[in-house]
Amino acid sequence: MALDMPEENMRFTKIVLSFLFPIATFAQKNTSSFEAYMQGQSGLYKFNGNVLVAKNGKTIYKKTFGYADFNLKEKLDNNSIFDIGSIAKEFTAVGILSLIDKGKLNYSDSLGKFFPQLPYSNVTIRQLLTHTSGMPDGYDLVDKYFDHNKIAENQDLLKLLALYKPELYFIPGTDLQYSGTGFNLLACIIEKISGESYSHFIDTHIFKLLGMSHTRVANFPRNKNNEPRLAVGFMYNDSAKKYIPANSIYHNWATYFSGITGEGMIISTTGDLLKWDRALKDHKILSAARQAEMVTVQAEKKTFPKVQFGYGIRSGKNENGNYVFHNGWFPGFASMLIRYVHEDVTVIVLSNNLSHSEFVADGLATIALNKKIILPYKHEEKNINFTPGKYEGKYLLPIMHPPYMVDFPVEIILKNSKLYIHSPAIADIELIPESETKFFYGDGSDQQLIFTKDSGGNIAKVFYIGYGVKKEIVKIN
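It is worth spelling out the sheet that holds strand 9 (residues 266–268) at this point. The three strands are arranged 5-9-6 in an open sheet whose pairing can be described as antiparallel. Both outer strands of the open sheet, strand 5 (82–83) and strand 6 (216–217), are each paired with one neighbouring strand and no more.

Written out as structure tokens, the structure reads:
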């Protein structure tokens, strides 16, 4: 049956449809690309976890892959809860910034103002927020001196720092070194100023306010009785040839470390983290000016690894545009929350088998930004006789080096008639040939190198493909 429609309404409808159909086509194209990409990451590279991609705050792809518990063969679902590791630092930073907004703190306030028993009176809140404090590792003290039959809390960490007085790594403000202990101390400041526990403060002033009903500060013991949707962290054991619970390997994180908060110990879902991302973008907790300060570069490490930080968040620019992000690690868990600012594309990847969430997020973002992606495929090794001196050299290669994902200086070497990536920071990785110019990584990750030749048969350029994202790499002297 045809519908009678006034001419002006028909013109309006055509205009609307002309906008909607390209959007629908774009969404359908991206959805199929997302699906092909993630099926490859899951089937070929054992990705296990949950992913979410959003454009302008609207979810355009959301899916689960694999098990919440490998032993019980329980499947993940969209409400499965993961430990998010150091993404927790964003919440701690916002807690501090909200107190600054309320006039209860200043960036220039020093640790001596709050904890005169500590030998770090010249360390400021600003330096703690930007990892420029030079704070020593408090977990070393807990590991060495604390009773392992008890659970250490923030106050125990303060006592150990006051008692043993480990020296700062550098003069505050003169360098940048990632510091979890710095954020533990920020949590202590929140407790001191608010009169609330860190857990109660973050829950009341952030989680409940934003409707993040699946998110909480979660010290151990954790179990299915108090958190039935909690995914269990697993790690692959080479000798057993299977995934085993990570807590059986990193026992300290599940016992005597587990009461210390501020740098981690928060669990969440992809859906809740999207709410958090929107709250950061739309300054729902902080003033607009304070929020802008948080995501603006406040400190930069001039030497390797060259990284930039805002307040409790990484900020910078790459070939895809300006971004803000934080990644996270906890035994068995790897997480990534990134937003490309101008395009307003958000990608959240949570894994409970230490899949390379940062690289997978990079691939998903590339698809969402409508840029070229190389889909995962099964590699086939070829027999190649290598000519010495042809491929070898020093390069800057993207390496996951927790807590950073950076271009790392490595050397490509020829050893026992095989090519390897060699670096003091990582174990040697064999480069397995698919052809004379194309190699895949022998560590089971979705990474490749492509060499191009000039007219004389010499290597002209080298390209790195990491989880589908291709870029030229730099050769160094």
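Attention now goes to the environment of Glu-90. If you trace the backbone, Glu-90 turns up in helix 2 (residues 88–101). Under the relative-accessibility criterion, Glu-90 is labelled buried at 1%. On a C-alpha basis, the gap between Glu-90 and Phe-183 in space is 9.8 Å, while along the polypeptide they are 93 residues apart. Residues within four places of Glu-90 in sequence aside, it is in contact with Trp-276, Leu-280, Met-294, Gly-312, Ile-313, Phe-325, His-326 and Leu-337.

The next point concerns the pattern of salt bridges. Here the structure, examined in full by the defined rule, presents 19 salt bridges. As a salt-bridge pair, Asp-83 and Arg-222 come within 2.8 Å of each other at their nearest N and O atoms. One end of the pair, Asp-83, is in strand 5; the other, Arg-222, is in the loop between strand 6 and strand 7 (234–237), with 139 residues separating them in the sequence. Residues Asp-83 and Arg-222 agree in their burial class; the two are buried. Each of Asp-277, Arg-278, Arg-339 and Asp-344 takes part in salt bridges that share partners, so that together they form one network.

So, about the confidence of the model for the protein. Averaged over every residue, the pLDDT of the protein is 91; the share at 70 or more is 92%. Segment residues 1–26: pLDDT under 50, and five contacts once partners within four positions in sequence are set aside and those in other chains are kept.

Conventions adopted
For every chain, the first residue of the written sequence is number 1, and numbering continues from 1 onward in sequence order. Local features in a predicted model are, by the rule used here, given only for residues with pLDDT of at least 70; side-chain atom pairs are given and counted only at 80 or more, and totals for whole chains, interfaces and linings are based on all residues. Computation of side-chain values covers all heavy atoms of the structure but excludes hydrogens and water. By the convention used here, strands pair only if DSSP detects at least 2 bridges between them. Strands here are runs of E lasting at least two residues and helices are runs of H or I lasting at least four, both read from the DSSP assignment and numbered beginning at the N terminus. Note on classification: 1.4 Å probe, protein chains only; a residue is buried when its accessible area is under 20% of the maximum for its type, exposed when over 50%, partly exposed between these limits. Any two residues having at least one pair of non-hydrogen atoms within 4.5 Å are treated as being in contact. Take a side-chain nitrogen of Lys or Arg and a carboxyl oxygen of Asp or Glu: if they are within 4 Å of each other, that pair is a salt bridge. A residue's pLDDT is simply how confident the predictor is in it, with values from 0 to 100.

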